[in-house]
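# A look at the structure
The primary structure of each chain is shown beneath.
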Amino acid sequence: MAAYKLEINNQTHDVNVEKGTSLLWVIREHLGLTGTKYGCGIAQCGACTIHIDGNPMKACVLSVDDFSDGQKITTIEGLSKDGNHPVQQAWIEKQAPQCGYCHSGQIMQAVALLEENPTPSRDEIKAFMNGNLCRCGTYLRIIEAIEMAGKTIAAK
């Protein structure tokens, strides 16, 4: 076992796990932050999207070994305390989820887009969200939610 100190959702966590353990498993199984989902295990579906220093990354292919140097890790649980982030609110209002499994990853990807560009075009939304799959096919509602959240963010 190896000891790691991780900054996740603005809290420092000390974990003891095998070297090379997936960051996703540390987040879910060792810290109990189960909002980040396991989908494919090969960074193709986006269900495990988290932010590392503000950048969206797929946690399923990241090793905990690479993230104990003070990087700021944010999961869906760290996005807002009350679920009141503009993207989360737009997701609810536009009823973006159907089964909901992929949506924490979808939301994390959308937040990264809107932090970079609060008023993206539909083509920019589609390009940025391309690595996040929705088995239920609620893509139009996802796009509408991103547009709605972007307007809220841009108005602030």
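All of these numbers come straight from a predicted model, not from anything done at the bench.

Rules behind the numbers
Residues numbered from 1 in each chain as written. Predicted model: local features only at pLDDT ≥ 70, side-chain atom pairs only at ≥ 80, totals over all residues. Heavy atoms only, no water. Disulfide = S-S within 2.5 Å. Buried < 20%, exposed > 50% of the residue type's maximum accessible area, 1.4 Å probe, protein only. Helix = DSSP H or I, 4+ residues; strand = E, 2+ residues; numbered from the N terminus. Expected span 1.5 Å × (residues − 1). Arc of directions from axis to C-beta. Contact = heavy atoms within 4.5 Å. Pairing = 2+ DSSP bridges.

So, about the state of the cysteines. Enumeration over the complete set of coordinates arrives at zero disulfides. This cysteine, Cys102, is not joined by any disulfide, and Cys134 carries the nearest cysteine sulfur, 3.9 Å off. Owing to a relative accessible area of 10%, Cys102 belongs among the buried residues under this scheme. Unpaired in this structure, Cys136 has its nearest cysteine sulfur neighbour in Cys99, at a distance of 3.7 Å. The exposure class assigned to Cys136 is partly exposed, which follows from its relative accessible area of 31%.

Our focus in this paragraph is helix 5 (residues 139-155). Residues three or four positions apart in an α-helix share a direction because the helix packs 3.6 residues into each turn. Between its first and last C-alpha, helix 5 extends 24 Å over 17 residues, near the 24 Å set by a 1.5 Å rise per residue. Among the residues of helix 5, Ile142, Ile143, Ala145, Ile146, Ala149 and Gly150 are the ones counted as buried. One side of helix 5 holds all its buried residues, which, seen down the axis, span an arc of 160 degrees. Those residues of helix 5 that are exposed and aimed more than 90 degrees away from the buried face are Lys151 and Ala155. On its buried side, helix 5 packs onto helix 2 (86-93), helix 3 (103-116) and helix 4 (122-129).

With that settled, the discussion passes to the pairing of strand 2 (residues 11-17). Where strand 1 (residues 2-8) lies against strand 2, seven bridges are found, and the strand directions are antiparallel. By the bridge assignment, Ala2 is partnered in strand 2 with Val17. Connecting strand 1 to the next strand, strand 2, in antiparallel fashion are two residues, including Asn9 with a positive phi near 55 degrees.

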